[in-house]
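Chain by chain, the residues:
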Amino acid sequence: MTQIRLNVLCEGNAEQEFVEKILSPHLLEKNIITSAQRVYTKKDRNKITRGGVTKYKKIKDDLKFWFATESGNNIRFTTFIDYYGIPEDFPGLHEEVRITSPYDRIKIMELRFAEDISHDYRFIPYIQLHEFEALLFVEPKRLNHLYFNRESEVDMLEQMLNATMDQNPELINNNKETAPSKRILSLIPEYDKCAGANMLLSEVGLSNLRRSCKHFHEWIDKLENLNNDSV
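Parameters at a glance
Each chain carries its own residue numbering, running from 1 in the written order of its sequence. Thresholds applied to this predicted model are a pLDDT of at least 70 for local features of residues and 80 or more for the giving and counting of side-chain atom pairs; totals over whole chains, interfaces and linings are not thresholded and use all residues. Side-chain figures throughout are based on the complete set of non-hydrogen atoms in the structure, without hydrogens or water. Numbering goes from the N terminus for both helices and strands, where a helix is a DSSP run of H or I of at least four residues and a strand is a run of E of at least two. Think of it in three bands: with a 1.4 Å probe and only protein chains considered, a residue is buried below 20% of the maximum accessible area for its type, exposed above 50%, and partly exposed in between. Nitrogen and oxygen atoms within 3.5 Å of one another constitute a polar contact, given that in protein one can donate a hydrogen and the other can accept it, and given that sequence-neighbouring residues count only through two side-chain atoms. Whether two strands pair depends on DSSP finding at least two bridges between them. In plain words, nonpolar cores are sets of buried Ala, Val, Leu, Ile, Met, Phe, Trp, Tyr and Cys residues tied together by side-chain atoms within 4.5 Å.

Engineer: Mind showing me how you'd approach the environment of Lys193 here?
Structural biologist: Tracing the backbone through its elements, the reader meets Lys193 in the loop between helix H5 (180-187) and helix H6 (197-204). Overall, Lys193 belongs to the partly exposed group, its relative accessible area being 22%. Sequence separation between Lys193 and Thr34 is 159 residues, and the spatial gap between their C-alpha atoms is 22 Å. A distance of 3.3 Å separates polar atoms of two side chains, one belonging to Lys193 and the other to Glu15.

Below, the structure is given as structure tokens:
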């Protein structure tokens, strides 16, 4: 079996930590070695800043640079970026507004993303519906493990999940006021996605995340099967 080297371009610290602590050990069992880095955003006095995406060009430039420095049939690339707050110049963003299904919208954007990068089999685009915090809504009661005095607030978050179609965390919408992170912050102002979120997701387990999040599952499934698709 060919050993695949997978490079993951992440939006921020929490996504990178998820890849390194949760996704990477799982893929290693499939003979896939994973490397993650955050999007390069700026250089200030020789200090490189990574994380947070304001322009699509930053994502594209990072990917192009990474493509140029890594070669070989066993090299693959993917992304882990949020749909919520995605740059206005992102491929397919304005094309997809006419489509009502979030899943159909995200597929069009990922297709246009892949077309713009144009690296064929080496690139597996992924956009998280609707953002990283959707994964926390798989089992929101886990937030009690970090925020001990917020039981009633966490109960309210669970009620929000129950109110979605099929109790689907990926369908918690992307409105500026009601995106998953905004819902958590409105009830738990001290919430910090970089402080403990991945510990909770580790407790939930990758299999439960996949069971509850269709688009997320499809991404992991593609990554697991990279060896089958190798050229």
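Engineer: For this particular structure, what's the right way to read the pairing of strand E5 (residues 75-82)?
Structural biologist: Where burial is concerned, most of E5 is hidden: eight out of the eight residues are buried. Both strand E1 (residues 4-10) and E5 contribute to a ladder of six bridges, which runs parallel. When the bridges of E5 are listed, Leu6 appears paired with Arg76. One ladder, built from two bridges, connects E5 with strand E6 (residues 123-124); its direction is parallel. Residue Thr78 lies in a different strand from E6, and its bridge partner there is Ile124. Here two bridges tie E5 to strand E7 (residues 127-128), and the two strands are oriented parallel to one another. Of the residues in E7, the one forming a bridge with Ile81 is Ile127.

Engineer: What's the story with unusual backbone geometry in this structure? I'm lost.
Structural biologist: Residue Leu129 is joined to His130 through a cis peptide bond whose omega torsion reads -20°. In this fold, His130 is placed in the loop between E7 and helix H4 (151-162). For Asn31, which is not glycine, the phi torsion reads 65° and is therefore positive. Among the structural elements, Asn31 can be located in the loop between helix H1 (13-28) and strand E2 (32-38). Asn31 gets classed as partly exposed once you look at its relative accessible area, which sits at 22%.

Engineer: How should the nonpolar core be read in this particular structure?
Structural biologist: Buried together is how nonpolar side chains tend to be arranged in soluble globular proteins. Membership of the largest hydrophobic core comes to 42 residues, with the highest contact counts inside it found for Phe18, Phe80, Leu135, Leu209, Phe216 and Trp219. Elements with a minimum of two residues in this core: E1, H1, E2, H4, H5, H6, helix H7 (206-212) and helix H8 (214-224). No other element matches H1, which puts six residues into this core. Phe77, Tyr83, Phe90 and Leu93 belong to the second-largest nonpolar core, a separate cluster that totals 23 residues.

Structural measurements only, silent on function.
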